[in-house]
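Take a look at the letters that make up each chain.
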Amino acid sequence: MATRLSIFPLPGAILFPGLHLPLHVFEPRYRAMVSDALARDRRIAMIQPHTAEPDAPLYAVGCVGKIDEVEAMGDGRFNIVLQGESRFRVMRELDVDTPFRQVEAELIEDDEFAALSSVERAGFEQEARRFADLQGYSVDWDSVSSLDDRSLIDGVSQIAPFDSAAKQALLESPTLGARCELLIQLMQFFGRSDPDEERVTLQ
């Protein structure tokens, strides 16, 4: 079923269902969008544009977030935290009078009970350890091991230091298993780069 969404097109900002994304909102049109969302259902749709231009074309898939925390500042800016609720697929952009963009979209129903096989989970954790060592990250692996499969895979997908195209590909992956496989490939790809050389990119 189609639904109308107010969108926040922000390059490099990816949100997954069940996860949180802190945002500092300062542009007038997005301050208006936050005010509108707070007066209605507290929902804002995060999606990446193809470029940083104001009205750039959008990628096909984003994620609806609900404002979980909000700090209204005296000069009109907001600090908010979005909690991801559902991925969505853009059907068409709407012609609207609001300063912020809106789309007609189809919500994507993910399998909330999806899980990895023991082999998939072990393969991912092995590659994640290798990638973290190469990048010099300090990781509490005991805490990582205690995460359920979806929290682990989606959490790493959201915070991983990949470029916008790579993170978008993760968001668009149709299943948890497919996202896990792609994440391993991306860690192998980005892990090959020499930190003293120009940053590797898929774009």
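Residues numbered from 1 in each chain as written. Predicted model: local features only at pLDDT ≥ 70, side-chain atom pairs only at ≥ 80, totals over all residues. Heavy atoms only, no water.

Draft legend 1. Spatial organisation of the overall build of the chain. Tallying secondary structure elements over the chain gives 6 helices and 6 strands in all. Reading the chain from its N terminus to its C terminus gives the helix and strand order β-β-α-β-β-β-β-α-α-α-α-α. A compact globule built from 203 residues would reach a C-alpha radius of gyration of about 17 Å, and the chain, at 18 Å, matches this within 12%. Overall, the C-alpha framework of the chain stretches about 50 × 40 × 30 Å when taken along its three principal axes. Buried residues in the chain amount to 42% of all 203 residues. Summarising the internal contacts of the chain: among those between residues at least 6 apart in sequence, 65% fall at separations of at least 24. For the chain, the exposed surface amounts to about 10,900 Å²; the carbon and sulfur share of it is 50%. (Helix = DSSP H or I, 4+ residues; strand = E, 2+ residues; numbered from the N terminus. Rg over C-alpha atoms; globule rule 2.2 N^0.38 Å. Buried < 20%, exposed > 50% of the residue type's maximum accessible area, 1.4 Å probe, protein only. Contact = heavy atoms within 4.5 Å. Areas by Shrake-Rupley, 256 points an atom, 1.4 Å probe, with all protein chains shown as cover.)

Draft legend 2. Examining the pattern of salt bridges more closely. All chains considered together, the criterion is met by 13 salt bridges. One salt bridge in this structure joins R43 and E85, with 2.7 Å as the shortest N-O distance. Placement of the pair is R43 in strand β3 (residues 43-47) and E85 in strand β5 (residues 78-93), with a sequence separation of 42 residues. With relative accessibility at 29%, the residue R43 sits in the partly exposed group. Among the ionic pairs, D154 bridges to R179, the shortest N-O distance being 2.9 Å. Here R179 lies in helix α6 (residues 176-191) and D154 lies in helix α4 (residues 149-159), a separation of 25 residues in the sequence. For the pair D154 and R179, a shared accessibility class is recorded, and that class is buried. One network of salt bridges, in which partners are shared, links D36, R40 and D41. (Salt bridge = Lys/Arg side-chain N within 4 Å of Asp/Glu carboxyl O.)

Draft legend 3. View of the packing of aromatic side chains. Applying the stated rule across the entire model yields 5 aromatic pairs. An angle of 90 degrees between the planes, with centres 5.2 Å apart, marks the rings of F189 and F190 as edge-to-face. A residue is classified by how much of its surface remains accessible, and F190, at 4% relative accessible area, is buried. Members of the aromatic cluster, joined through ring pairs, are F131, Y137, F162, F189 and F190. (Phe/Tyr/Trp six-rings, centres within 6.5 Å; stacked < 30°, edge-to-face > 60°.)

Draft legend 4. Structural detail: the state of the cysteines. The full count for this structure, using the stated rule, is 0 disulfides. Just so you know, C63 is unpaired, no disulfide at all, and the nearest cysteine sulfur is the one on C180, 19 Å from it. The buried category is assigned to C180, whose relative accessible area is 2%. (Disulfide = S-S within 2.5 Å.)

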